[in-house]
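# Summary of the model geometry
Read off the chains here:
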Amino acid sequence: MTDTCSHPHGSHAGIRGAALAAALTMAEARCAAGQERLTEPRRRVLELLLQAKSPLKAYDLIAAYGTEGQAAKPPTVYRALEFLERLGFAHRIESLNAYVPCRMEAESHSAAFLICDCCGAAQEFEPDFSGQLAAAREAGYAVRAVTLEARGLCAECQTG
Ligand SMILES: [Zn+2]
Ligand SMILES: [Zn+2]
Ligand SMILES: [Zn+2]
């Protein structure tokens, strides 16, 4: 992320307040439906991801974990991230080595991201890999998920 542009970076806010509470309640329900539990660390890490305006690295999450400024034990955060990724609540963006919450409300799925090189925002969209996945199946592969990362400038940063 570079701050070479002169425009403000404001439009990619995370969610807060009632929207945040609703998202966490929904996550709890989805866990319960799958016989899983949204334990306190899992819930806290998801909350931090939902509040963030750009992808967070594991050490950002560790540092921000405590509501009174105390850091988490790293394994707590890594285990929570592993869980959130497995259940499709979060995605890891390889090129940034950072995590974003999933906005799709779906089980684990293929994901694509538009990553802004200027403000660091990452927007998820649903890719259509059905043709490629069918070809992979024919070649004998069992593909679990595909992640596509597209780099460039978001609409806001292009106006700078
Ligand atoms: Zn997703
Ligand atoms: Zn941007
Ligand atoms: Zn910018």
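Further up the page is the structure itself.
In what follows, the accompanying structure is described. Going along each chain's sequence as written, the residues are numbered from 1 onward. Key to labels: chains lettered from A, ligands numbered from 1, both in the order written. Local features in a predicted model are, by the rule used here, given only for residues with pLDDT of at least 70; side-chain atom pairs are given and counted only at 80 or more, and totals for whole chains, interfaces and linings are based on all residues. With hydrogens and water excluded, all non-hydrogen atoms of the structure serve as input to the side-chain values.

### Notes on the overall build of the chain
- The helix and strand labels rest on DSSP assignments: H or I over at least four residues marks a helix, E over at least two residues marks a strand, and numbering proceeds from the N terminus. Each helix and strand counted, the chain has 6 helices and 5 strands in total.
- Ordered by position from the N terminus, the helices and strands of the chain form the series α-α-α-α-β-β-β-β-α-β-α.
- C-alpha extents for the chain along the principal axes are approximately 50 × 45 × 30 Å.
- Partly exposed residues are those whose accessible area sits between 20% and 50% of the maximum for their type, while under 20% is buried and over 50% is exposed, using a 1.4 Å probe and protein chains only. When the 160 residues of the chain are sorted by exposure, 36% land in the buried category.
- Residue contacts are counted whenever heavy atoms from the two residues lie within 4.5 Å of one another. Looking at the chain alone, contacts between residues at least 24 apart form 54% of all its contacts between residues at least 6 apart.
- Using a 1.4 Å probe, accessible areas were evaluated by the Shrake-Rupley method; residue-level cover was limited to the displayed protein chains. Entry remark: accessible area of the chain is about 9,400 Å², with carbon and sulfur atoms responsible for 52%.

### A word on helix H2 (residues 40-51)
- An expected span of 1.5 Å times one less than the residue number is assigned to each helix. Compared with the 16 Å implied by 1.5 Å per residue over 12 residues, the 16 Å span of H2 between its first and last C-alpha is a close match.
- Three or more residues of H2 are buried, namely Arg 44, Val 45, Leu 46, Leu 48, Leu 49 and Leu 50.
- Contacts made by the buried residues of H2 are with helix H1 (17-33), helix H3 (58-64), helix H4 (74-86), strand E1 (90-93) and strand E2 (98-101).

### What to know about empty space enclosed by the protein
- Lining residues are defined by having an atom within 4 Å of a point belonging to a cavity or pocket. Those points lie on a 1 Å grid over the protein atoms alone, cavities being sets where a 1.4 Å probe fits but cannot get out and pockets being open sets with protein on both sides within 12 Å along at least five of seven lines. Grid points are joined across faces, edges and corners, and a volume is the space filled by probe spheres set on the points. Inspection of every chain in the model, using the stated rule, returns 1 cavity of 30 Å³ or more.
- Empty space within the largest cavity amounts to approximately 40 Å³.
- Three classes are used, and their members are as follows: Ala, Val, Leu, Ile, Met, Phe, Trp, Tyr, Cys and Pro are nonpolar, Asp, Glu, Lys and Arg are charged, and the others, Gly among them, are polar. Residues of the lining of the largest cavity, tallied by class, amount to 2 nonpolar, 3 polar and 1 charged.

### What to know about the coordination of the zinc ion (ligand 2)
- For Na, K and Ca the donor cutoff is 3.2 Å, while for all other metals N, O and S atoms must lie within 2.8 Å; water is not among the atoms, so some sites may look incomplete. Within the first shell, the zinc ion (ligand 2) binds the protein through Cys 116 (SG), Cys 119 (SG), Cys 154 (SG) and Cys 157 (SG), at distances of 2.3 to 2.4 Å.
- If you look at the zinc ion (ligand 2), its 4 donor atoms make angles of 103 to 115° with each other, and the shape they trace is tetrahedral.
- Of note, the donors binding the zinc ion (ligand 2) are all from one chain and are spaced C-x2-C-x34-C-x2-C.
- The distance between the zinc ion (ligand 2) and the zinc ion (ligand 3) is 4.4 Å, with Cys 157 acting as a donor to both metals. Of this pair, Cys 116 sits in strand E3 (residues 111-116) while Cys 154 sits in the loop between strand E5 (147-152) and helix H6 (155-158), and the two are 38 residues apart along the sequence.
- In this structure Cys 116 comes out as buried when scored by relative accessible area, which is 4%.
- By relative accessible area, Cys 154 is classed as buried at 13%. Square planar and octahedral sites, with four and six donors, are those where opposite donors lie more than 155 degrees apart and all other angles lie between 65 and 115, tetrahedral sites have four donors with every angle between 85 and 135 degrees, and the rest are irregular.

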